[in-house]
Structures are given as structure tokens and as C-alpha cells.
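Observations on chain architecture
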Amino acid sequence: MLGLSVSEEVLGRLPEGLAERLEAQLERMVAAAWLSEKTERELEADLRLCDDNEIHALNRDYRHKDKPTDVLAFAQREGEGGDLCPEILGDIVISIDTAERQAEAGLYAELVHLAAHGLCHLLGYDHQDDEEEAAMNGRMALLIAESQADGPVAAA
């Protein structure tokens, strides 16, 4: 399951249908991850699309980095009590402003990439070294490929 929220600051700036397409694609990624994770209940995540001001405040308050960033992931599985509801993955926050600036293959492709990146963090992946980054990138590629496939969702 996936919840989507879009800040008022970016709502009117998004191309028509973009948020809905992204929601459907990320929903499929979450479902594919669930089939791999094999948890008792369906996995849940939330996606927030916002501007640089909002993500800057979150980055400053939670990561102590006083600047905007492209994507943040707040994993519910980490820390005390994280194992109480392992199906609740957490929240992904993406700055549309930063995504627009760094998009080389178009905004939608960048948002899919960032959503997959955030989802991998929620699933426990990181990129502190080359080995971790390779594992995370491999899982991202599987999730993106499955999210673009037709037919029933397969594990990824």
C-alpha cells in the first residue's frame, strides 16, 4: 500500500497526471518488494512531494544538514520498536525543485529513480561504501523494471 501527499507549493506546478502515474508506479514497487520480503501483511509506505523549503527544514532538523536535498527516507523499521510492525516501511520525501534541477532524462524518470532510491532505504539498503551502493543500485534496478512491467506484480 502507498499513501501520497503533495504540498500545496508544488501541486499546481506538476504536469497533469504526474503524481498519479508516480503513485501507481511506486505502489507496484512496494508490492514487488512485499513479494520478496514475504511479510505476513502487505508492506506500507508514504510518499510526499514537496519543494526545497520543506525538504530543507526536514534535512536540517533530522539529518543536521542545513541545505535542501533530493530525497529523504524515514524508515519505521529502524530504532526502538521498529520490529513491532515490520510491514510499515516509513516515509519517502522528494523535493520537486531539486528533482527538476538534476533531471537529465526528464522529471518523471528522475522522480521514479528517487522514489526507488528512497524505497530501498526503507527496505534497509544504504550506500556507505561501493559494495553497499552496488547492492542498493541492483535492487533499485529490479524494482524500477518491475514497476514498468505489465501484468501481475512479480517479486523484485
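Here's a quick rundown of the structure. (Residues numbered from 1 in each chain as written. Predicted model: local features only at pLDDT ≥ 70, side-chain atom pairs only at ≥ 80, totals over all residues. Heavy atoms only, no water.)

1. Side note on helix H5 (residues 107-122)
An ideal rise of 1.5 Å per residue puts 22 Å on 16 residues; H5 measures up with 22 Å between its terminal C-alpha atoms. Counting buried positions over the 16 residues of H5 gives 14, a clear majority of the element. Trailing H5 by a residue or two, glycine 124 shows a phi angle of about 105°, which is positive. (Helix = DSSP H or I, 4+ residues; strand = E, 2+ residues; numbered from the N terminus. Expected span 1.5 Å × (residues − 1). Buried < 20%, exposed > 50% of the residue type's maximum accessible area, 1.4 Å probe, protein only.)

2. Some points on the sheet that holds strand S4 (residues 88-95)
Adjacent strands of a sheet form backbone hydrogen bonds with each other and so pair up, either parallel or antiparallel. Sheet architecture is open: four strands sit in the order S1-S2-S4-S3, paired in mixed fashion. The sheet is open, and its two borders are formed by strand S1 (2-6) and strand S3 (71-75), each paired with just one other strand. On average, each strand axis in the sheet is tilted by 15° relative to the strand beside it, whichever way the strands run. In this sheet, strand S2 (residues 44-50) lies alongside S1 in parallel orientation, the contact comprising five bridges. Directly across from leucine 4, in S2, lies its bridge partner leucine 47. Each of S2, S3 and S4 is contacted by helix H3 (residues 52-63), which is oriented at about 50° to S3, the strand it contacts most. Across the face of the sheet, H5 comes into contact with S2, S3 and S4 while running at roughly 145° to S4. (Pairing = 2+ DSSP bridges. Axes fitted to C-alpha atoms, helices over the stretch in contact; angles between N-to-C directions. Contact = heavy atoms within 4.5 Å.)

3. Looking at the layout of surface pockets
Summary: where empty space remains is shown by rolling a probe the size of a single water molecule over the atoms. By volume, the largest pocket is sized at about 250 Å³. Arg63, Thr69, Asp70, Val71, Leu72, Ala73, Phe74, His117, His121, Asp126, His127 and Gln128 together form the lining of the largest pocket. When contributions to the lining of the largest pocket are tallied by element, the ones reaching two or more residues are S3 and H5. In terms of residue count, S3 provides more of the lining of the largest pocket than any other element does, four residues in total. Taken together, the residues of the lining of the largest pocket break down into four nonpolar, five polar and three charged. A volume near 160 Å³ is recorded for the second largest pocket. Ala73, Phe74, Ala75, Glu78, His121, Gly124, Tyr125 and Asp126 are the residues that line the second largest pocket. (1 Å grid on protein atoms, 1.4 Å probe; cavity = no way out; pocket = protein on both sides within 12 Å on 5 of 7 lines; lining within 4 Å. Points joined across faces, edges and corners; volume = space filled by probe spheres on them. Nonpolar A, V, L, I, M, F, W, Y, C, P; charged D, E, K, R; others polar.)

4. Some points on the nonpolar core
Ranked by internal contacts, the top residues of the largest apolar core, which has 38 residues, are Ile94, Leu119 and Leu143. Broken down by secondary-structure element, the contributors of at least two residues to this core are helix H2 (18-37), S2, S3, S4, helix H4 (96-102), H5 and helix H6 (130-147). With ten residues, H5 is the largest single contributor of residues to this core. Sequence-distant contacts of isoleucine 94, that is, excluding residues within four places in its chain, are made with Leu47, Arg48, Leu49, Cys50, Ile55, Asp70, Val71, Leu111, Leu114 and Ala115. (Core = buried A, V, L, I, M, F, W, Y, C linked by side-chain atoms within 4.5 Å.)

5. Some thoughts on the packing of aromatic side chains
Within a pair of aromatic rings, the relevant descriptors are the distance that separates the centres and the angle that separates the planes. If you walk through the whole model with that rule in mind, you get one aromatic pair. Here tyrosine 62 and phenylalanine 74 contribute two aromatic rings whose centre-to-centre distance is 5.3 Å and whose plane-to-plane angle is 75°, an arrangement assigned as edge-to-face. In this pair, tyrosine 62 sits in helix H3 while phenylalanine 74 sits in strand S3, placing the two residues twelve residues apart along the sequence. Assessed through its relative accessible area of 55%, tyrosine 62 is described here as exposed. By relative accessible area, phenylalanine 74 is classed as partly exposed at 23%. (Phe/Tyr/Trp six-rings, centres within 6.5 Å; stacked < 30°, edge-to-face > 60°.)

6. Here we look at the pairing of S4
Burial within S4 is extensive, with six of its eight residues counted as buried. Pairing of S2 with S4, which is carried by seven bridges, proceeds in the parallel orientation. The residue bridging cysteine 50 from the neighbouring strand is serine 95, located in S4. In this sheet, S4 lies alongside S3 in antiparallel orientation, the contact comprising five bridges. In the sheet register, alanine 75 faces S4, and the bridge partner there is glycine 90.

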